[in-house]
Structure formats: structure tokens, C-alpha cells
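Survey of secondary and tertiary structure
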Amino acid sequence: MASLTKAEEETAAAEEWSDEAVIYVNSVRRVLRRPRAPHPAPTSVFGEQSLDVVKVAVEPALHFAINACLAPLYSVEGMHIITVEGIGNRQQDAFRVFSKRDDLLYIDSSPKNADGRPICPSTGKPCSCGDEKDTDASESSLLAHTKNYSPCSYNEIDGSVYSEKELIFPPELQLRKVMSLKLNGFNGIKWYRPIKLKQVLHLKACYPNAKLINGNSEVGIETKFKNAQYSDLISVTHVPELHNLIMKEDGIHIGSSVSLAQLQNFLRKVILERDSHEISSCEAVLRQLKWFAGTQIRNVASVGGNICTASPISDLNPLWMATGATFEILDVNNNIRTTPAKDFFLGYRKVDLKPDEILLSVILPWTRPFEFVKEFKQAHRREDDIALVNAGMRVYIRKAKGDWIISDVSIVYGGVAAVPLSASKTETFLTRKKWDYGLLDETFDLLKEDILLAENAPGGMVEFRNSLTLSFFFNFFLHVNHEMNIKGFWKDGLPAASLSAIESYTRPVGVGIQCYELVRQGTAVGQPVVHMSSMLQVTGEAEYTDDTPTPPNTLHAALVLSTKAHARILCIDASLAKSSPGFVGLFLSKDVPGANHTGPVVHDEEVFASDVVTCVGQIVGIVVADTHDNAKAAANKVNIEYAELPAILSIEEAVKAGSFHPNTKKCLVKGNVEECFVSGACNRIIEGEVRVGGQEHFYMEPQCALVWPVDSGNEIHMISSTQAPQKHQIVVCKTKRIGGGFGGKETRSAIFAAAASVASYCLRRPVKIVLDRDVDMMTTGQRHSFLGKYKVGFTNDGKILALDLDLYNNGGNSLDLSLPVMERAMFHSDNVYDIPNIRVSGQVCFTNFPSNTAFRGFGGPQAMLIAENWIQHMATELKRSPEEIKELNFQREGYVLHYGQLLQNSTIRSVWDELKVSCNFIEARKAVIGFNNNNRWRKRGIAMVPTKFGISFNSKFMNQAGALVQVYTDGTVLVAHGGVEMGQGIHTKVAQVAASSFNIPLSIGCMSTNHGSDLVQACYMERIDLSAHGFYITPDVGFDWVSGKGTPFYYFTYGAAFAEVEIDTLTGDFHTRTVDIVMDLGSSINPAIDIGQIEGGFVQGLGWVALEELKWGDDNHKWIRPGHLFTCGPGSYKIPSVNDIPLNFKVSLLKGVSNPKVIHSSKAVGEPPFFLGSAVLFAIKDAIYAARAEEGHFDWFSLDNPATPERIRMACVDSITKKFATIYYRPKLSV
Ligand SMILES: Cc1cc2nc3c(=O)[nH]c(=O)nc-3n(C[C@H](O)[C@H](O)[C@H](O)COP(=O)(O)OP(=O)(O)OC[C@H]3O[C@@H](n4cnc5c(N)ncnc54)[C@H](O)[C@@H]3O)c2cc1C
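Nothing here was measured: the structure is a model prediction, and the numbers come from that model.

Okay, the overall build of the protein chain next. Within the protein chain, the regular secondary structure consists of 32 helices and 48 strands. Among the 1231 residues that make up the protein chain, the fraction classed as buried is 59%. Considering only intrachain contacts with a sequence separation of at least 6, the fraction spanning at least 24 residues in the protein chain is 74%. Carbon and sulfur atoms form 53% of the exposed surface of the protein chain, whose accessible area is close to 47800 Å².

Neighbouring the ligand are 28 residues, the closest being Leu212, Asn214, Ser217, Ser302 and Asp315. At a separation of 3.2 Å, a nitrogen atom of the ligand approaches a polar side-chain atom of serine 256. Leucine 359 is positioned with one of its backbone polar atoms (N or O) 2.9 Å from a nitrogen atom of the ligand. Within the complex, 90% of the 990 Å² of free accessible area of the ligand lies under protein. If you list the elements that add at least two residues to the shell around the ligand, you get β9 (211-213), α7 (219-225), α11 (303-309) and β17 (357-364). When residues of the shell around the ligand are assigned to their parent elements, the largest contribution, 4 residues, is made by α11.

A word on the UniProt feature "active site" (unreviewed entry) in the protein chain. Here the UniProt feature "active site" (unreviewed entry) sits at Glu1167. Tracing the sequence through the fold places glutamate 1167 in the loop between β48 (1144-1149) and α31 (1174-1190). For glutamate 1167, the residues in contact, after removing those within four places along its chain, are Arg856, Gly857, Phe858 and Phe949.

Looking now at the packing of helix α14 (residues 440-450) against helix α15 (residues 462-486). Contact geometry of α14 with α15 gives a least axis separation of 10 Å together with a crossing angle of 145°. Judged by the sense of rotation from one axis to the other, the crossing of α14 with α15 is right-handed. Contacts from Leu440, Thr443, Phe444, Leu447 and Lys448 of α14 reach α15 at Thr469, Leu470, Phe473, Phe474 and Phe477. Along the lines of polarity and charge, the residues of the contact of α14 with α15 split into 7 nonpolar, 2 polar and 1 charged.

On to helix α9 (residues 280-290). Counting buried positions along α9 yields 10 of 11 residues, so the element is predominantly enclosed. Within α9, burial applies to Ser280, Ser281, Cys282, Ala284, Val285, Leu286, Arg287, Gln288, Leu289 and Lys290.

Let us now look at unusual backbone geometry. A cis amide bond links asparagine 1201 to the next residue, proline 1202, at an omega of 0°. Relative to the helices and strands, proline 1202 resides in the loop between α31 and α32 (1205-1211). In this model, alanine 293 sits at a positive phi of 45°, which is unusual for a non-glycine residue. Tracing the backbone through its elements, the reader meets alanine 293 in the loop between α9 and α10 (295-298). A positive phi is found at asparagine 831, a non-glycine position, where the angle reads about 45°.

Attention now moves to the sheet that holds strand β31 (residues 666-670). In space, the 5 strands of this open sheet follow the order β31-β39-β38-β37-β32, with mixed pairing throughout. Because the sheet does not close on itself, it has two edges, and the strands there are β31 and β32 (684-692). Pairs of neighbouring strands in the sheet enclose a mean axial angle of 10°, with direction left out of account. Pairing analysis gives 9 bridges linking β32 to strand β37 (residues 786-794), with the strands arranged antiparallel. By the bridge assignment for β37, glycine 688 is matched with tyrosine 790.

Below, the discussion takes up the pattern of salt bridges. Across all of its chains, the model carries 58 salt bridges by this definition. The shortest N-O distance in the salt bridge between arginine 748 and glutamate 605 comes to 2.8 Å. In this pair, arginine 748 is assigned in helix α21 (residues 748-763) and glutamate 605 in strand β27 (residues 605-606), connecting sequence segments 143 residues apart. A residue is classified by how much of its surface remains accessible, and arginine 748, at 6% relative accessible area, is buried. Glutamate 605 gets classed as buried once you look at its relative accessible area, which sits at 10%. Residue arginine 936 pairs with glutamate 1190 through a salt bridge whose shortest N-O separation is 3.9 Å. Of this pair, arginine 936 sits in the loop between α27 (921-934) and β40 (938-951) while glutamate 1190 sits in helix α31, and the two are 254 residues apart along the sequence.

Quick look at the pairing of strand β2 (residues 22-25) now. Taking every second residue as pointing to the same face, both faces of β2 are buried, with Val22 and Tyr24 on one and Ile23 and Val25 on the other. As paired elements, β2 and strand β3 (residues 28-31) share 4 bridges and run antiparallel to each other. In the sheet register, valine 22 faces β3, and the bridge partner there is valine 31. Hairpin connection, β2 to β3: the antiparallel pair is bridged by 2 residues, and asparagine 26 has positive phi, about 50°.

What counts as what
- Residues numbered from 1 in each chain as written.
- Predicted model: local features only at pLDDT ≥ 70, side-chain atom pairs only at ≥ 80, totals over all residues.
- Heavy atoms only, no water.
- Helix = DSSP H or I, 4+ residues; strand = E, 2+ residues; numbered from the N terminus.
- Buried < 20%, exposed > 50% of the residue type's maximum accessible area, 1.4 Å probe, protein only.
- Contact = heavy atoms within 4.5 Å.
- Areas by Shrake-Rupley, 256 points an atom, 1.4 Å probe, with all protein chains shown as cover.
- Near = heavy atom within 4 Å.
- Polar contact = N/O pair within 3.5 Å; in protein donor to acceptor, adjacent residues only side chain to side chain.
- UniProt positions renumbered as here; feature names shortened; annotations may be inferred.
- Axes fitted to C-alpha atoms, helices over the stretch in contact; angles between N-to-C directions.
- Left-handed = near helix turned anticlockwise from the far one by under 90°.
- Nonpolar A, V, L, I, M, F, W, Y, C, P; charged D, E, K, R; others polar.
- Pairing = 2+ DSSP bridges.
- Salt bridge = Lys/Arg side-chain N within 4 Å of Asp/Glu carboxyl O.

Next comes the structure, spelled out in C-alpha cells:
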């Protein structure tokens, strides 16, 4: 074959190839045309909105979800794509299809013919789309395997169960013969989809550099984010020889194109069929796959793709090596060679494959009696995350002269070097040794030599990763001992407490409980009415800014961003950009018509940096082009030369250098702190420092704006995804709905809208800007990180006497809202505690990071977190529980707060007491102690945390609102108000208030009603004004910073949360077992929405304290370029997943309370519950205390947020961590 010329090769194969590519999208036939982007995803071509799950059917009809943005358009040829829009809509009762899942979408109650084959309802012919298929196995069990579908949803209208067949698989696709494809793409790209192995080899012979593609989950990342370009792509998904899954004498033969989901299903079958001693490797691979990516990735990602990518953190490669797997490699001449997996990985993403070779299959050998294999993986987040360290381990032991001797051993780690690394010295040492506890110490020492990460190793966390390597081996050792015992070879099992090291976590079905009383006021207020947009959102019908149809002639914008933290701009060279396809214009500071300076409070920013850049990600210019991709490509070609200047990259550096935003030093004083400290009244004085990590807003829809000139540029109109349209107002700014904001779209969105407006104004054309997620994350600022330095004096009884607190927040390179954030932090630094003498000072640090901004809680959570830290420090000193200390110091009714406000209508004690009963705290403590006594390597912890959140803006002028109510002659009531719907349900609540006020029923989705139309007509005929304007100013609020006294808050929202967690002390893994929350929301206008806010706020807070870590290029992270954000996407920044929701999650609203000061006696709910998430942090710390106690350490230690596995593991000091760090080691944090 290879001897043919290229032309001959192509001719020989020509007649077999088709260039007709057909797909169906939501049952509509589409013929694929040459796309405009290199690897468009189905979303970008068909313009389907809200497409996050694509279901694809292939012959015979399989149904699976895939990740739309990583699926090249051509990869779904011949398939039926069902997007969220295809599932249904409100008119058709959308939930009928949600009740179906995966393979079952097309089957179940289909009519069947005589031999039992289903009949296609569309063609009336037998149809294989009705073949019975297995459903997805449940995540909770290795072998869970279900055949039957039980309906899980019902018709909201008539209550009937959805089990009927709904969708019709397109008959054309069913009957059509699958063809080899040869298609042309953008920029000369060729896409081949051979259906025979010989065609693959033809193509490889002709184009040795062609890229093979299976699931594209790696290649897609390379082309999207790493600028990789491949001109010849060979999709090998349809080649049967690469899909083998066969059990043979020597093991399982796995074709390289087999998807991970197929492999999972096959291994489940194998495990049931084969002898138990043969399947240890299969079980290890299956367990590893459980935590490999998510379902959408596993459905397409292939075994071969994972191997050939040769990623240093591949979850499977260490296992292939440890299990002794071999790889079959095929060359273009059809020759097969075999190589052991352990010899295949040559260097960083380099494998033993020549250009004319492909990976054919993997042979996974059966294990022998007394041979054990185990997999390991520790990630930031359990679900859908890449490994920090992973491993595969295998040992074969044999009995000789009464001892069990190691005959063969393999220990391979991933995530510790450029390639999976065998611990070869350790392996040599262990071979022929007796398998008993005696080998552990020396093994640890050798492992430390084999796998020692250098201090500045990429990825950081070296103390943690080093500790993990030893912890994994310890776990393996116990696992083997346990297996020998349960299989009956060893009489003695593990000590009961040690079993906790090897129990794997399985998540049971979670339970949610919501408790509230209905306080109905009028027709609608007080009812748990469904959010008015919810049906639109779940059916994909809701329109966001990016969905707005663009006017003709619209240009697309991309930003030219600074790549230096602090530097002078020497020159900007746009010559390459100008010749880039589709380029229309580049706009810089000189092009701004009017002032280039801007800012929400102080004008200390520039629309486009003119001379000096002060952070990475600062906007230097904007490029506009005909498409989004062309704009990005051109912007990347703008070359800027800089002269670097010294940069400040942490709060500590800023404090040291005196780098503060001007006029931001503030102080609040009550009593006399100094006097109290020297008076002798304090039995104890403690000092400490709390570092509080930041948080990315991670709203669903990134920042987006569409700007267009009207009247030849006299007016500019704008649609923006902002949560504060008035801060963007030029002439007309509209915001319909935003996919979350959380504060991140309050001020920072203006700068992008302004940049787009400049281009639009200059060109007199519509300009649209949509930030990619990574650009959004690295440029728009986050929740402020804080540094708090405290000194607390208290009595031996636990009564607080004095607090001296210095707060610093990281403002970044402009002031933005950092000062009001600091002020709110200062107001909340007491949380709910009575502190007779207090001095709080605050100052905003200037650093060379993007400007940090508002985020749910607005500085309050950071300060309360610091308060809860020093309370816990006190408790440790006094050897009492933090909850006792808290109760002793609660503020009482009539207490004068440290800023002069009188505490009135405080319900904190009722909230706390109700929670204590609800969570049964005393019993919970006993149970935790019992568990911890019986488990050495797993510990449980509990905590109760209170909160008091001040409602009103600190700036008086912001405490105002207006509304316009109009009644139309058909009875429709229209309420226009200034609030932005950002998920919090403001429109629903306003509609409820309006309905109750007019005494009319609330009809969801539309406020029109005929009820009052006679009356309205009568009013109209009598010329009565049917419109009214309302204006409200929050009374009695105001604060004077000169005296440091006033009433900044109209009232407070109170709440308290209990959390119970379980940690794995060897790996740092944790999960939240129980959360119980009680909140006082007065008489809730809508308890359903309010409880949703509490649950959502709590989980967002949980993310902040336990999962989400921002890693910046600073002194602590030298492996990141200075000033750059490493965690700039969901791959590296982990928000809570479904699996992080507490297993038992109860929310109760305090009953019998009202808030007479406010409309319908309700209370604000959006921000207050966020801080309650910190209960999880303190529960984790409680569990860590139990782990440290096992080693004799009882004293105070710092646990910064987020309490990631790294922080948990390193705080659970034991003989392993002590090899790498001291007992007070504090993992690095960007603050
Ligand atoms: C969201 C997400 C989560 C992920 N999570 C994990 C995870 O938890 N663990 C993990 O290990 N990885 C993970 N990955 C990485 C990736 O999904 C896997 O490596 C996957 O198995 C790659 O398979 P693929 O079929 O998609 O590869 P593709 O992208 O199609 O191909 C990858 C590479 O393999 C080459 N290749 C494919 N088949 C052959 C063959 N037969 N012969 C020679 N070369 C071949 C291709 O040319 C290409 O270079 C994740 C990726 C994403 C996007």
C-alpha cells in the first residue's frame, strides 16, 4: 500500500468516499456546508441556543449525551442531534421528554412486530432503534446495571406518567448506508472519516502527519486553547477493527477507538463472568473510570486517545503500566508490533509511535491468584476533574516457607513528572521482601527518593503531592492485607480503625428538606410560586444577551490585552493584525472620542491603556472583524513591546511597600482597646492572622454587550448582560435577563461595553463583544481576597473583652468598589458577637492584578470568616467548643454596635436555638466522637455558624427605588421597576406584590387579567389616571465616617447553619454529610424562591470556603508567569458540582416572625445565606482537629480557605506529612 504514489492512493480510494454529509437537528434534515470556523461545534453552525447537551443516535440507535463545544460538526454526521430546544417547549409541555434518558429515548412502549422487533412509528417498518439497550450504570456502584426504565416524570397537566415513545429517529438515517467521508473545512482543512482499517492505513500512508481523531476531547482543547492547527484530520470513530472488545486467553483486547463508556460497560460484564482472581486489574480500571471526566466526555473519549495524548496526568496510563498491559501498534504496511505499556511513554506528550503507525489495541492481562491491583486519584474536586496525583499499583505475592513474599511489584505515579513514573528503586527493594508492616518505613524512604518533586515544580503543591505518593502506597498496603483477609488467606484482618483508610466513597441518593409556614397576604404574596422564567430556562427558550439577534452589518470584537503585570508600553505593532482575515479595525486610547478615563466611583481607570499597563488582562485596544473568531485571531496578532516595571502581587507585598489606594484608610472604634489590653481584665490575649481567599463569580453567561449607533451615530443603543444598566447608560441600555451576575456584572461590565462602544461609534456600525470564559475570568476581577490581623482579649470564662483588628483587601489596579467592600467588611467584623472594646481599621491595597469587585456579600463574608476564625482560636485556647463560646457572646437586643447602631428586633438567639434543636447538635457531637474513635484515617467534624447581615447600601444615595405601574384597558397590569432579573426572582416577587395589591390572581408568565377589565373600562371612560409612580427611600439610614457612627443598615437578616463533614485524612478528600440551615426571612414573599436563594447561596459559599482556589502568578506560585491567572477556566477552577451538594440538606425559615419595617414584612435574602457556607470550613477544621489529636497535637492551627484536599491533607499531620513539612505548614495561597 505504502508503495503507491499519493495520487494512486487517492484514486484507488476515491469511489469509496462520499462528500455528502447529512445530519438531523431536532428532526430537521441538514446538509453540512463548508463551515466558516476551523472546527465548528454543532452549536455554532446551527445557532441553537442553550445547547449544552447533545444527544446523538448512531446505527444501531444508541443514544448518548456529549459535550457540544468539543464535538466537531463533522463528527456528528449521519446522526440525529437533539438539543435542549428539541426536547420540548412550554406550549408542548416540555417535561414529557425529560422523563426519558439515554438509550431509552426512542424505545420502550414502541409497537413490536411478530418477532418482537419494534416497529418504527414513522415508517411502519421494523426498526433497530427500538432494540433493548442497557441504561447508564449508576455512579454509585461499580456494577450497577439496569435493564428496565422506570418513568421518572409525570405530566403536570393531567398527572399521567411519561413512558410513551415521543421522538422518531429519522428513517433516512436508519436506512442509510454508512459511508466513508471526505469533507472540506475552513482554511483548507480536510476531514476524512474512513470506515475500514485499510482506508485508515491508506490515509496514514498518504498523509503521515495527519491527526487521528476519536472523541476530540484532547485535540479539541489543543485547537481551541493551545493554538494547534491540523490540516488533515482522520476520524477513526467508524472503523470496526478499532472497536474490538474481546476476552482472550491472555487478557482483554481493547480496540483503541473504544470509548471509555463502552469500556466501563464491558468491564462490568467481564467482572461478573470471570473468576475473581482474574479481575483485579479490570476492577481497578473500572474504579478509575468512575472518576474519569464526566459522562459526556466518557461517551466519546477513547482509550487510544487517552494513551496517545500521553498526558502526564492521564488517569489510565499509570494503570496500564502497573497492570503490565501491552499495546499493539500497526503500521501502514499492516505490520503489528507489540510494546509493553511501561516502555511506550518517552517524554512529555511523546510516545513510541512513528508517523506511519497507529495504536491498534491494548491487551490488559488477567491477574493471577494473589495478584492485586489498585488505582488512585486525587483531584481538587472528586467529580469531573483532572488528577493532581494518580497512581496504579500491583503486587503479586506468593507463599514461601510460611511467609508471603513479594514476587513482582509495580508502582507507577502520574502527575509527578513529564511521564508516568515508575518507582523503580522502591520496586527493586520490595521484590522478594516479606509483605508485612515491617517494610513500610523503608518503602516510604525509598519512595521519597524515587518521586520527589522539586520546590518549584509546575503545578505547585509539592509538599502535598509528595505526601500523596506515600499515602497512596500506605493505602495500597492496607488494601492488599484486607483482600488477603476477606478472601480467606489471612486469618487476621485489618484493625477496625484502619479499615477507614481503604473504604471508598460512594455517594448515596441525597435528601433535601424545606420547612416554612405559608403566610398568605392577598392573592399572591406569601405563596411559593414558581420563578416566572424557570420553564423558559429549563426548555432553553429563555433568551440571554448573546441570543439577541444582531442587526445586519454587525461586527464582532476581541480585546487586545496586556500580558504584563506592570509595564510601560513602548510600541504597538498592528501590521500583522491588519492583514488578518476579516479584520476591520483596531481602536486604541488615541481613538477614544472624549475622556479615556473612567471608573464607577473614582475615575482611576482607562478605557484603553495609553502609556502604562498595571495588570495582566488590562485592555489596551479592541479589534473588530467580520466574525468572532477572526476578531480573536487578529487581536492575537497585535504585537506590543513593553518595558517592565516592578509589580506588587500580594496584599503582604502591598502592605510592606505602603501600596494603598488613596484615601481608603478607615477606622471604627468602640470602647478602648488599648486600655482593656493593659487593664489586666483579659485573662488571655491571642493574636493571629487570617488569609481569606478570593472567588471567581463564575456566572453562567459571560460578559456580553451589543452596541449599535442610531441616527448616524448621534445615539448609541446597547444591550448588555450587566446587572447595573444605569452604570452603562449612554442613551439607551437594555438588560433583559442575565445568566447570573453575583456582583461581577455590576461595574466591571461597563469597561467592555465602553470599549465596544468606541469601535461602534468610530465605525458607525453595530459591534458585539462576548468574552470567552478564560478572558472573562482573567480580566473582570473577583471577590476580594483579605488579610485580617487580630488581637483578642478574653476571660477564662470565654467572654470577649477586646478586639483589635486590621483588615486589608486586595483592590487590584483600580479602586472600583473596593472601598465600600472594605467598609461593609468593617461593619460585619463583629458578626453576631458582643465586643465591648473594639477597634477595626481597614485599608484597600493597590496591587497589579485586575480590579477586584463586588461579589455576593460584598466584603461581609470575608470579615465574618475572620471573626469565626478568632472565635475558634479562643475556643481552642480555652479547650471548649466554639459553639459554647459563640453562645456566651451573642449580641442582645438593644446592644450598641461598634458603629453606633442600636440592635433592634434581633432574632439571632431564636434562629440559633431552633437550629440547635433541628440538627440535634448534642447527639451529633456524640456520634462524631464515636465515629472518630473508631476510625483512624477518616474523621468527621461538625460546626454551627451564625450570621447577621446588614441590609441597605452603605452609601445613602443608593437606598432608593422607583416603579411605574400602569393598568391597560384590557386589564393588563404593567409594572416597570429598576431591578434586574439575575435569577433572584425579582420579577416573580414584584408580580406577586402587584397581584396582591390589585387583588387579582397571579397568572404565571403574564400579568394580564380580564378580572378587573370592566372596572378598568369604567375608569377609562371616566378619565381616571390608570398609572401611578412609586418612589421609595429607605428611611433612617446614614453613616458619618468622620465620627464613625450612624445607622448604616435598616435591618438585619439573621441565619445559622450546621454542617457535618467527613474527611479522608490520607488524601484530603471530603464530603458534606449534613447541612441544616435556619434563617429569619420575616414573612417571606415567596418561600420557594427564598429557599432557592438560601440553598444556592450556601452552595456558592461552600465553593468559596472548600473548593474554589484562584492561583495567580505571584511569589507563592513561581511556576505561573507573574500576574497571570492560572485558574482561568473550569478545567482548573472548580466550582461545586452536583456531588458537592450536602447529602442531607435541610432549610427552614424561622416561623412566627415578621419584619414590619419592610414591604409585606419580608426580609432580603440574596446575600445573607452566602456566609453560612463557612459552616463547612469549620466542620472540616473540627474533623482535622480530631485527626491531629491522634498524633498528639491539640493546639490552634491555621486553615485558610478554600480547604482544598491540599490544605486538609497537610493539616492532618502524621508521619507521612512530617517527612515533607512541619506541623504548622500552611499551603500557599494567592491573597
Ligand atoms: C472536560 C475534560 C475532562 C477530562 N478529564 C480527564 C480525566 O479525568 N482523566 C484523564 O486522564 N483525561 C481526561 N481528559 C483528557 C481526555 O478526555 C482523554 O485523554 C481522552 O481519553 C482522549 O480521548 P479522545 O478520543 O477524545 O482523544 P482525541 O482528542 O480524539 O485524540 C487525542 C490524541 O490521540 C491521538 N490518537 C487517537 N487515537 C489514536 C490511535 N489509534 N493511534 C494513534 N494516535 C491516536 C490523536 O491523534 C490525538 O493526538 C479530559 C478532557 C476533557 C476535555
